[in-house]
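# Working through the structure, step by step
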Amino acid sequence: MYDAIIIGAGHNGLVCAAYLAKAGRKVLVLEANDRVGGAAITRSFGTGFKVSAGAHLINLLDPVVIDELKLESHGLDLGQKTLKTVSLSHKGQHLVIDGDQLTGQVSDEDRSAFADYKAQMTRFSRLLNKLHLRPPPRLKPGRLSDYLDLLRVGAGLRRLGQRDMRDFLRIAGINIYDVLEEHFDNELLKGALAFDAVLGNHLGPRSNGSVLNALHRSSGRINDDNGTFASPPGGVGAVSEALAKAAVALGAKIRTGAPVEQLMFNGDTACGVRLQSGEQIEAETVVSNADPKRTFLDLVGARHLEAEFAQSIHRTRCSGNVAKLHLGLKSLPRFTELDPTLAGERLLIAPSADYLDLAFNQAKYGHCSDHPAMEITIPSVADPSLADEGHHVLSAIVQYAPYRLKGGWEHAHEPFKKTLIDQLDQYAPGLSLQVISSELLTPADIEAEFGITGGHWHHGEMTLDQAFMLRPAPGAGRYATPIDGLYLCGAGSHPGGGVMGLAGRNAAQTVLSGGKT
Amino acid sequence: MKLDKDHYKTAVYPSPFHAKTSVLNETREFERWHDYMSATRYFDVSMEYFSCRNSTGVFDLTAMCKYRITGVDALDYLNRLMTRDVSKIKVGRVGYGVWCDDAGQVVDDGTVFHIRDGEYWLCAQGRQYDWLLTSALGFDVVIEDISHQMTSLAVQGPTSCATLKAMGLAEIETLKPFGLRHYSIEDGELTVSRTGFTGDLGYELWMKPELAEPVWDALFAAGRLHGIKPMGERALAMARLEAGFIQAWHDFLPADKAVRTTHTRSPFELDLHWLVDFKKPNFTGRRALLEEKRNGSRYRLARLDIDGNKPAHHAFVYNRQNKVIGIVTSAMWSPSAKANIALASLDVPYGEPGDEYLVEIYYQRELAWNRVMAPCRVVKGAFFDPPRKKQTPPADC
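So, here's what we can say about the structure. It should be emphasised that the depicted structure is a prediction, and the values quoted were computed from it without experimental measurement.

Residue and element names in this part refer to chain B. Counting buried positions over the six residues of strand β12 (residues 202-207) gives six, a clear majority of the element. Of the two faces of β12, the one lined by G202, E204 and W206 and the one lined by Y203, L205 and M207 are each fully buried. The sheet contact formed by strand β9 (residues 151-156) and β12 spans six bridges and is antiparallel. Paired with T151 across the bridge in β12 is M207. With three bridges connecting them, strand β11 (residues 188-193) and β12 associate as antiparallel partners. Bridge pairing in β12 links T191 to W206.

The following block contains the structure:
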């Protein structure tokens, strides 16, 4: 009998397993797919191409997790350097963002405003990061430790100083569009910054809550620098493999190809899982890295929950709005007027905040964007092992592509892929003729491949109503759930989505301390 | 429910019995109860009350909220909804119960009728459709609001069985308390349950609105020599308090209507321990109720026998140290128990049977207010509990 079964070998499941094993628990990780990593995997597509099938950059993996699990000794390699961001212009007048430096046709005012903006956002997101390292405070009267938790949050805010605190409280809940208008004139800059505020969510730049998402996305540190990106050699799957090695080295057991069908109960307490194969495995504790809807409405079943809690999970907003495009190319694409040494950097098609807003408008009404925004990487530039000699692989995160597309994805899949390739052709003329293999993952495909309800990368919208102790829903906001013996450890819990590992770490600590809701 | 396109033009409807009740209602006093006109009294509240204690009183239950629950998961659904074990309510039986929110606070109480195999009705005083649908996630059930499709009469009192027998309901005297049976009348179905809100021998008749008038006529013709009288809301309120039954909006605040969490009550706090079955692995409120069982309740429902004859409406209850320990939620002078009775909600640990307290009663005499601190005792059980309530067959049948 195991002390803990972890459902899902995504990065949070592996992190949680590693921490539990490190504390001496007997841990079994069950993964439905035939490899570890969940949506953080590198896999092949087309003829001879390999790509990070879900997340394709690392920006949030927490240094605390890297240190505590000694991931570097298990093969973690985030690459030589952090990536610059290039905000592409189809006329070729690109803007390059490197840390707090801008290169391109940009005014001195914008340059200096950007350095200030970046510094302030970094201060804010470091405060956020402190909150990410602990379970969120409990909003329930009575317990001293809960008051202390809340005080700690208040004190963190206060320590920002009067000016920053006021700014933080003013902008944290509002939209990025208005904030960018206050600071900048350059459209390419505003487009790039707005893109980071909406990525992964059903948010447009004018949607309130987008600033919070921007802060969340820059709360990670790579090489001690906030808001930067790493492209690990071997793709993001190599990070998952390092996590799996660490977990196994610490004593955890991992089984792939073992999809869980149902939780098992002893009376009102979770006592194990039943696999789709019919095999039953018992454990003291079950920790689910599956998304909250899958966990509670499928693996547990609404009828085993109390009515209001079941409804609050049911109402969780988790319809994905992001698609993923993979292209296998004959040669390195040439973006108009782009310095070829920048081809391996992070390239954005988000030429203005208005462009993003117009793209979002269509998604609001259930259509995919005619002119979508894209985050493009060509990882084969730094890591030739991802493609055959001379070939290249292009990976793009595409927004917006709503899960609940009007008319369904079945007939829209190929036309949308063509829209995307045509659009890339506009920025890199001739690219469409270089395509050997292509693959589009719509939210429906993401749901099918990775088992994430709604194909939502973050297991649920990253907005205030689903943040902190409200993530995924009241009553399950601190990893413990209303069902004794069942815990959550995935991106659907605080601090949320992105390859961070902190939900897994916090969940493990909660399990070890016998934490309750 | 399909609505008439002009439905909004009428807020309150006459009940299907209105052609009959409006003739009998000498006072012309009706009030709104949900979507229907409901008689507050017909001729004299005391006389109406005594009809259900000494002969037969008939109360128009049309406005009660009624829901039909069918589908393969009907039983599982009700078992998750209610705190009691619904599987114990076999076909042809009725059971009383409460349902709670996740915090273990009572949303409402009502009766479950196991009408036929796979078909249940839930009857409640308050509208529950929203709560029932909220609870339906994950269950294969069909929940229909049949409040307007079914109507009902309460036929209560010592001669009620004889009346129904005279009306032609064969072997009605063999129907046990909380049993139900279907009869054919005028080519329609009349369902009779031995249930009621008076704590006396009594029955409830359930039918489609088309049957309302013929059933009323047959009932009153059969009951003429058995002292049948219509009774209004005020008379029924007296009978229910004597029986010791609690009522939403009087003795507890429905949890889904409360703003302040300290103003609601759990089943334990309403003396309904017997309705909470922790052997069921899950029902809404279970987790919170288990915690309450471990840590203790906040309130206790107490039945008070108060000195004097002044009803203690809304009175504060004091202990001997003159500290307020609770409030009276329902009170009256009980004509049958010949006692000044009340239900009260007291702070734990107060309210053990036998405890003695003081009740602060204000009453008016010729426009002048008087105050009395009346001693009272906590008593056990219903204030009025005649053996005929449970007797099968009843004495005169």
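Further remarks concern the side chain of N25 of chain B. Note on placement: N25 of chain B falls in the loop between α1 (18-24) and β1 (29-33). Among all residues touching N25 of chain B, those that are not within four sequence positions of it are F30, A39, R41 and Y42 of chain B.

The subject of this paragraph is the interface of chain A and chain B. Facing 18 residues of chain A, the contacting portion of chain B comprises 21 residues. For the pair chain A and chain B, the summed buried surface comes to about 1,500 Å²; carbon and sulfur atoms form 44% of the total. Three residues stand out in chain A for area buried against chain B, namely R303, E306 and E308 of chain A, and they jointly supply 45% of the buried area on that side. The interface formed by chain A and chain B includes four salt bridges. Our count for the contact surface shared by chain A and chain B stands at 17 residue pairs in polar contact (both at pLDDT 80 or more). No other element matches the six residues that helix α11 (residues 307-314) of chain A contributes to the side of chain A that touches chain B. By residue class, the composition of the side of chain A that touches chain B is seven nonpolar, six polar and five charged.

Residues and elements named next belong to chain A. By the definition in use, this model includes five cavities of 30 Å³ or more. Here the largest cavity is characterised by a volume of approximately 380 Å³. Along its surface, the largest cavity is lined by 23 residues, and K118, L193, D196, S218 and G227 are the ones closest to its centre. Taken together, the elements giving at least two residues each to the lining of the largest cavity come down to β6 (95-98), α3 (108-132), α7 (187-198), α8 (210-217) and β15 (346-349). A per-class count over the lining of the largest cavity returns 10 nonpolar, seven polar and six charged. By volume, the second largest cavity is sized at about 140 Å³. Around the second largest cavity, the lining is made up of 13 residues, and of these L212, H216, M462, A467 and P495 lie nearest the centre. Going through the elements one at a time, α3 and α8 are the ones with two or more residues in the lining of the second largest cavity. The element that contributes the greatest number of residues to the lining of the second largest cavity is α8, accounting for three residues. Residues belonging to the lining of the second largest cavity are distributed by class as follows: six nonpolar, six polar and one charged.

Thresholds, definitions, all that
- Residues numbered from 1 in each chain as written.
- Chains lettered and ligands numbered in written order.
- Predicted model: local features only at pLDDT ≥ 70, side-chain atom pairs only at ≥ 80, totals over all residues.
- Heavy atoms only, no water.
- Buried < 20%, exposed > 50% of the residue type's maximum accessible area, 1.4 Å probe, protein only.
- Helix = DSSP H or I, 4+ residues; strand = E, 2+ residues; numbered from the N terminus.
- Pairing = 2+ DSSP bridges.
- Contact = heavy atoms within 4.5 Å.
- Buried area = accessible area lost by both parts, 1.4 Å probe.
- Salt bridge = Lys/Arg side-chain N within 4 Å of Asp/Glu carboxyl O.
- Polar contact = N/O pair within 3.5 Å; in protein donor to acceptor, adjacent residues only side chain to side chain.
- Nonpolar A, V, L, I, M, F, W, Y, C, P; charged D, E, K, R; others polar.
- 1 Å grid on protein atoms, 1.4 Å probe; cavity = no way out; pocket = protein on both sides within 12 Å on 5 of 7 lines; lining within 4 Å.
- Points joined across faces, edges and corners; volume = space filled by probe spheres on them.

What is shown is where atoms sit, not what they do.
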